[in-house]
Amino acid sequence: MKITVIGLGYLGATHAVAMSKTGHQVIGLEKNPAKLESLKQGKAGFFEPGLDEALAVEIASGRLTFQADHDENSAAADLHFICVGTPQTKESLAADTSYLFSAIEDLAPHLKPESVVVGKSTVPVGTAAALHSRLAELTGFEPHLAWNPEFLREGTALEDSLRPDRLVVGVNDERSEAALREVFAPMIASGIPFLVVDIPTAELVKAAANAFLATKISFINAMAEIAEVAGADASQLAEAIGYDERIGNKFLRNGVGFGGGCLPKDIRALMARAEELGVGQSVAYLKEIDNINLRRRERVVAMLEAELGNLSKKRILVLGAAFKPDSDDVRDSPALGIAMLAYAKGAEVVIHDPVALPGVALKHPELIGQQDLEKAFSDVEAVVLATEWREYRQLDPATVVGKVANALIIDGRNVLDINSWQHAGFKVLALGKNVKGNK
Ligand SMILES: NC(=O)c1ccc[n+]([C@@H]2O[C@H](COP(=O)([O-])OP(=O)(O)OC[C@H]3O[C@@H](n4cnc5c(N)ncnc54)[C@H](O)[C@@H]3O)[C@@H](O)[C@H]2O)c1
């Protein structure tokens, strides 16, 4: 089929490559000139394992092209996937849906009545209905508008797009359902569950999934708060309850909590939307889920203060800046949150990340980015492991212990082999447990 993908960030660039790999003719549309140029050169412009390589192959195949604006060629598409951002608004918890409306404004003059517009962005329930009305107003015909939420995870984005756990499509009309069945035909044929639902359900599925995941993480982090004062071990607790298959052990690791461009803003947007719909109480508990999550960052800084006293002028190393390994996404990153809290207390904060430092430099030039891992340890008083990159898990503590004045490391992700770090001479602290064996 012939398709367009509008908005080529983490979601759109990955979706465009996945659709091209599936065999479709894909035109990617991106407004940001630097991103567009980079994509044309075969670079996604962000770090995602395997994506640049796949992008180059798809461009070379002739199936994937990029442009800034709609033209006759893009207008001929059977489907238009809209993948623009829906960030949190500055003034409230609600999502900013304005990028969707402006994408619709751009598309309307070129939209053919038989083409199907498919939203993939994560939106407050009810957004599609408003977009549908606006599109009808702009085009003068009844448009085919469907919703197809995306569940990809950064770090495994392409694999998740090609082989998702399930495909969910919200449709209002047969034409949309038929077009979506056709575009996803190879995936459906491979046995991936294909759920056809109404549009509000499709919009809500993504918010519900993220609310559940955030709740699971904050649940174990709440247990960690109790474990820390009661002398229990939240990691053992998670393992013990995770064996119950009704609970499951995934997303049940205690640590510095969740972040990124999705979970935090999606639970806030759900609270805001439920409030607008008059059922705010139903998800009022998500406020506490958010608070528990943010408190973990404060807890790490409180641990530093308990060990080092006043943090003013103390040099602290934060290992990791991205919100998770195998990504360079620093949006709402717990690591950056911790770094900035320590900085606000007067600390000099050195931050290391294998790929995310350019994003840190743009957002927080006050932090000292250091690309060289060994150099990053030089002359620091304490270390916080905030993102569980493999480099940190595999680091030999004996090679760095001499560089850290207080030989203190706080394992914010519960991934270090505590014995070997202690053996090398480190004092190891971790979230959710009272570490034994420190000298
Ligand atoms: N990042 C993820 O892992 C992920 C996963 C699932 C769902 N989502 C959802 O996908 C949506 C996009 O997220 P993202 O992380 O890719 O955001 P992003 O900010 O990385 O990408 C959005 C892109 O859209 C472009 N854009 C904006 N308006 C445009 C327009 N009118 N025409 C063409 N391009 C336009 C921007 O320049 C930007 O490149 C959000 O709703 C998000 O919640 C993201």
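On a predicted model such as this, the values are computed, not experimentally measured, just so you know.

(A) Layout of the packing of helix H10 (residues 199-230) against helix H13 (residues 285-308). Running from amino to carboxyl end, H10 crosses H13 at an angle of 50°, the nearest separation of the two axes being 9 Å. In terms of orientation, H10 lies oblique with respect to H13. Here the hand of the crossing between H10 and H13 comes out left-handed. Taken together, the residues of H13 that come into contact with H10 (itself represented by Ala 211, Ala 214, Thr 215, Ser 218, Asn 221, Ala 222, Ala 224, Glu 225 and Glu 228) are Tyr 285, Leu 286, Ile 289, Ile 292, Asn 293, Arg 295, Arg 296 and Arg 299. Grouping the amino acids of the contact of H10 with H13 by side-chain chemistry returns 8 nonpolar, 4 polar and 5 charged.

(B) Looking closely at the pairing of strand E4 (residues 79-82). Side-chain alternation along E4 places Leu 79 and Phe 81 on one buried face and His 80 and Ile 82 on a second face that is also buried. Summarising the sheet, strand E1 (residues 2-6) and E4 pair through 4 bridges and their orientation is parallel. Bridge pairing in E4 places Thr 4 opposite His 80. Pairing geometry for E4 and strand E5 (residues 116-119), over 4 bridges, is parallel. Across the sheet, Ile 82 pairs through a bridge with Gly 119, a residue of E5. Once the chain exits E4 it traverses helix H5 (residues 98-107) before rejoining the sheet at E5, and the crossover so formed is right-handed.

(C) Layout of the nonpolar core. Judged by nonpolar contacts, the single largest core of 56 residues is most densely connected at Ile 351, Phe 377 and Phe 426. Top contributing element to this core by residue count: helix H14 (residues 334-344), with 6 residues. Every residue in contact with Ile 351, bar those within four places of it in the chain, is listed here: Val 318, Gly 320, Ala 321, Leu 336, Ala 339, Leu 357, Val 360, Leu 367, Ile 368, Gly 369 and Gln 370. Counting 40 residues, the second-largest nonpolar core is a separate cluster that includes Tyr 10, Leu 39, Val 118 and Met 187.

(D) Region of the structure containing the environment of Ser 218. Note on placement: Ser 218 falls in helix H10. Along the backbone, Ser 218 and Asp 290 are 72 residues apart, and their C-alpha atoms lie at a distance of 7.7 Å. Among residues more than four places away in sequence, those in contact with Ser 218 are Phe 258, Ile 289, Ile 292 and Asn 293.

(E) Region of the structure containing the layout of surface pockets. The volume enclosed by the second largest pocket comes to roughly 230 Å³. The wall of the second largest pocket is formed by Arg 268, Leu 294, Arg 297, Val 330, Asp 332, Ser 333, Leu 336, Gly 337, Met 340, Lys 363 and His 364. Elements represented by at least two residues in the lining of the second largest pocket include exactly H13 and H14. When residues in the lining of the second largest pocket are grouped by element, the largest group, 3 residues, is from H14. A per-class count over the lining of the second largest pocket returns 4 nonpolar, 3 polar and 4 charged.

Cut-offs used in this document
Residues numbered from 1 in each chain as written. Predicted model: local features only at pLDDT ≥ 70, side-chain atom pairs only at ≥ 80, totals over all residues. Heavy atoms only, no water. Axes fitted to C-alpha atoms, helices over the stretch in contact; angles between N-to-C directions. Helix = DSSP H or I, 4+ residues; strand = E, 2+ residues; numbered from the N terminus. Parallel < 35°, antiparallel > 145°, perpendicular 65-115°, else oblique. Left-handed = near helix turned anticlockwise from the far one by under 90°. Contact = heavy atoms within 4.5 Å. Nonpolar A, V, L, I, M, F, W, Y, C, P; charged D, E, K, R; others polar. Buried < 20%, exposed > 50% of the residue type's maximum accessible area, 1.4 Å probe, protein only. Pairing = 2+ DSSP bridges. Right-handed = clockwise from strand over helix to strand, strands pointing away. Core = buried A, V, L, I, M, F, W, Y, C linked by side-chain atoms within 4.5 Å. 1 Å grid on protein atoms, 1.4 Å probe; cavity = no way out; pocket = protein on both sides within 12 Å on 5 of 7 lines; lining within 4 Å. Points joined across faces, edges and corners; volume = space filled by probe spheres on them.

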